[in-house]
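# Structure assessment
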Amino acid sequence: PVFGLTTDPHPIWTLFLCPEMEECPRLFNEDCLETMRKMSDNEVMHCITSPPYNINLRIHSGKYTKQSVKERTKYDGSFCDALPMEEYFEWQKKVISEMLRVSSGLVFYNIQMLTGNKVALMKLLGHFAYQIKEIIIWDKVFCEPSMSDRVLNSSFEFIIIFDKNNSISRQFDFAGFERGKLSNVFRIKKNGGNSSSETHSAAFPRSLPYLLIKNFTRDGESVYDPFMGTGTVGTVCVELKRVFSGSEINEAYFQIAKRNINNKVIEPELF
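Keep in mind that what you see is a predicted model, and the values were worked out from it rather than measured.

## Comments concerning the state of the cysteines
Scanning all chains against the criterion turns up 0 disulfides. Not engaged in a disulfide, the cysteine Cys32 finds its nearest cysteine sulfur in Cys47; these two sulfurs lie 9.8 Å apart.

Shown next, in the form of structure tokens:
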């Protein structure tokens, strides 16, 4: 294998082993908005991501309140997952707008409707109504009982597909599936809960980005994940020969993602 440095003009780069790869993965340990501000229009082909869900904003006595213990445990102080509703909306509006700017193709945005993001999510759907091409329902097959009485169990999440070029049509410019072979409901079991330092407690199940990348992108196309976590999208991109870049603000998750993606890069040489 040949050692390769990313030739990216940005100030943050990572050393990878890149056997027989035209372009190495690019990883950025920073706020994704900082990364995207340094990216040109249409720099990548697609974006696939799942943002923080604002899970620690709860309701107590009819008012929003922060659940601070989980916030500290999950992100170790690097990010507040309990933003006021309007701040969360404005933040995600900026993130989606930037993803649409830096990508020339599709944006896949996975989110679950929770108390801490419900109003913001509804506002986002309205704000980007003319850029939404399709909505996939991720049926998680099994779900834990709700945390409170008189609340429905939540067994699904949204995968909102944005298209700045041709959202008026539900027909995709490229589809890796035959007519009638793929529905807009994905039945995929979610990952089991795991709070260890080696995993992300809300990581994608691998088969979710696999289906998206396999069916909606071509070999050699580039994919950016602004909330990379431990690098699930990146490892699938390497496996399917897509060019990957990703941002992660949390140092611990970033190091895990770097290792996971690098291991996937050198895997063909080892096996």
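## Quick look at the confidence of the model for the protein
Put simply, the protein has an average pLDDT of 87, and 82% of its residues get 70 or more. This model gives residues 69–74 a pLDDT under 50, and the stretch forms 14 contacts once residues within four places in sequence are excluded. In the model, residues 193–197 has pLDDT below 50 throughout and makes 4 contacts with residues more than four positions away in sequence or in other chains.

## Examining the nonpolar core
If you look at the biggest cluster of nonpolar residues, it comprises 31 residues, and the most contacted ones within it are Met36 and Phe162. Secondary-structure elements contributing two or more residues to this core are helix H1 (32–37), helix H3 (85–102), strand S7 (106–111), helix H4 (118–127) and strand S9 (156–163). Element by element, the count of residues in this core is highest for H3, at 9 residues. Core analysis: the next-biggest nonpolar cluster, separate from the first, contains 28 residues, Ile161, Val223, Met228 and Ile261 among them.

## Concerning the sheet that holds S7
Taken in spatial order, the 8 strands of this open sheet run S3-S12-S11-S4-S7-S9-S8-S10, and their pairing is mixed. Each edge of the open sheet carries a strand with a single partner, namely strand S3 (26–28) and strand S10 (185–187). The average angle at which neighbouring strand axes cross in this sheet is 20°, direction not considered. As paired elements, strand S4 (residues 46–49) and strand S11 (residues 222–225) share 2 bridges and run parallel to each other. Within S11, the position partnered with His46 by the bridge is Val223. Sheet strands touched by H4: S7, strand S8 (132–139) and S9. Its angle to S9, the strand with the most contacts, is close to 25°.

## Here we look at the pairing of S7
Extensive coverage of S7 is indicated by the burial of 6 of its 6 residues. Here S7 shows no split at all, with Leu106, Phe108 and Asn110 on one side and Val107, Tyr109 and Ile111 on the other all buried. Pairing of S4 with S7 involves 3 bridges; the strand directions are parallel. Residue pairing across strands places Ile48 opposite Phe108, the latter belonging to S7. Sheet topology note: the S7/S9 ladder contains 6 bridges and is antiparallel. Within S9, the position partnered with Leu106 by the bridge is Asp163.

## A look at helix H5 (residues 207–216)
Inspection of H5 places Leu208, Pro209, Leu212, Ile213, Asn215 and Phe216 among the buried residues, and these make up the whole buried set. Check the buried side of H5 and you find it contacts S4, S7, S8, S9, S10 and helix H6 (232–239).

## With respect to the packing of aromatic side chains
The geometry of an aromatic ring pair is captured by the separation of the ring centres together with the interplanar angle, meaning the angle of the planes. As enumerated under the stated definition, the model contains 8 aromatic pairs in all. Centroid distance Phe108 to Phe216: 5.5 Å. Interplanar angle 50°. Geometry classified as tilted. Taken as a pair, Phe108 in strand S7 and Phe216 in helix H5 lie far apart in primary sequence, 108 residues in all. Per residue, the accessibility class of Phe108 equals that of Phe216, and both read buried. Between Phe128 and Phe162, the ring centres sit 5.7 Å apart and the planes meet at 80°, which makes this aromatic pair edge-to-face. Separated by 34 residues along the polypeptide, Phe128 in the loop between H4 and S8 and Phe162 in strand S9 bring together distant segments of the chain. Using a relative accessible area of 2% as the deciding quantity, one classes Phe162 as buried. Connected via pairs of aromatic rings, a cluster forms that spans Phe108, Phe172, Phe177 and Phe216. Over the ring of Phe172 we find Lys133; its NZ or CZ atom is 5.5 Å from the centre of that ring.

## Focus on the packing of H3 against H4
Across the interface, H3 lies against H4 with an axial gap of 9 Å and an inter-helix angle of 35°. By crossing handedness, the relation of H3 to H4 is classed as right-handed. Counting all contacts with H3, which are made through Met85, Glu86, Tyr88, Phe89, Gln92, Lys93 and Ile96, the residues of H4 involved are Lys118, Val119, Ala120, Lys123, Leu124 and His127. Along the lines of polarity and charge, the residues of the contact of H3 with H4 split into 7 nonpolar, 2 polar and 4 charged.

## Some words on the pattern of salt bridges
It is possible for side chains bearing opposite charge to pair when their charged atoms get close. Using the criterion set out here, one finds 15 salt bridges in the structure. Among the salt bridges present, the one from Arg187 reaches Asp139, with a minimum N-O distance of 3.5 Å. Pair noted here: Arg187 is in strand S10 and Asp139 is in strand S8, with a separation of 48 residues, a long-range link. Arg187 gets classed as exposed once you look at its relative accessible area, which sits at 62%. Lys140 serves as the salt-bridge partner of Glu157, at 3.1 Å between the closest nitrogen and oxygen. Highlighted residues: Glu157 in strand S9 and Lys140 in the loop between S8 and S9, separated in sequence by 17 residues.

Reading the values: rules and limits
Residues numbered from 1 in each chain as written. Predicted model: local features only at pLDDT ≥ 70, side-chain atom pairs only at ≥ 80, totals over all residues. Heavy atoms only, no water. Disulfide = S-S within 2.5 Å. pLDDT = per-residue confidence, 0-100. Contact = heavy atoms within 4.5 Å. Core = buried A, V, L, I, M, F, W, Y, C linked by side-chain atoms within 4.5 Å. Buried < 20%, exposed > 50% of the residue type's maximum accessible area, 1.4 Å probe, protein only. Helix = DSSP H or I, 4+ residues; strand = E, 2+ residues; numbered from the N terminus. Pairing = 2+ DSSP bridges. Axes fitted to C-alpha atoms, helices over the stretch in contact; angles between N-to-C directions. Phe/Tyr/Trp six-rings, centres within 6.5 Å; stacked < 30°, edge-to-face > 60°. Lys NZ or Arg CZ within 6 Å of the ring centre and 35° of its normal. Left-handed = near helix turned anticlockwise from the far one by under 90°. Nonpolar A, V, L, I, M, F, W, Y, C, P; charged D, E, K, R; others polar. Salt bridge = Lys/Arg side-chain N within 4 Å of Asp/Glu carboxyl O.

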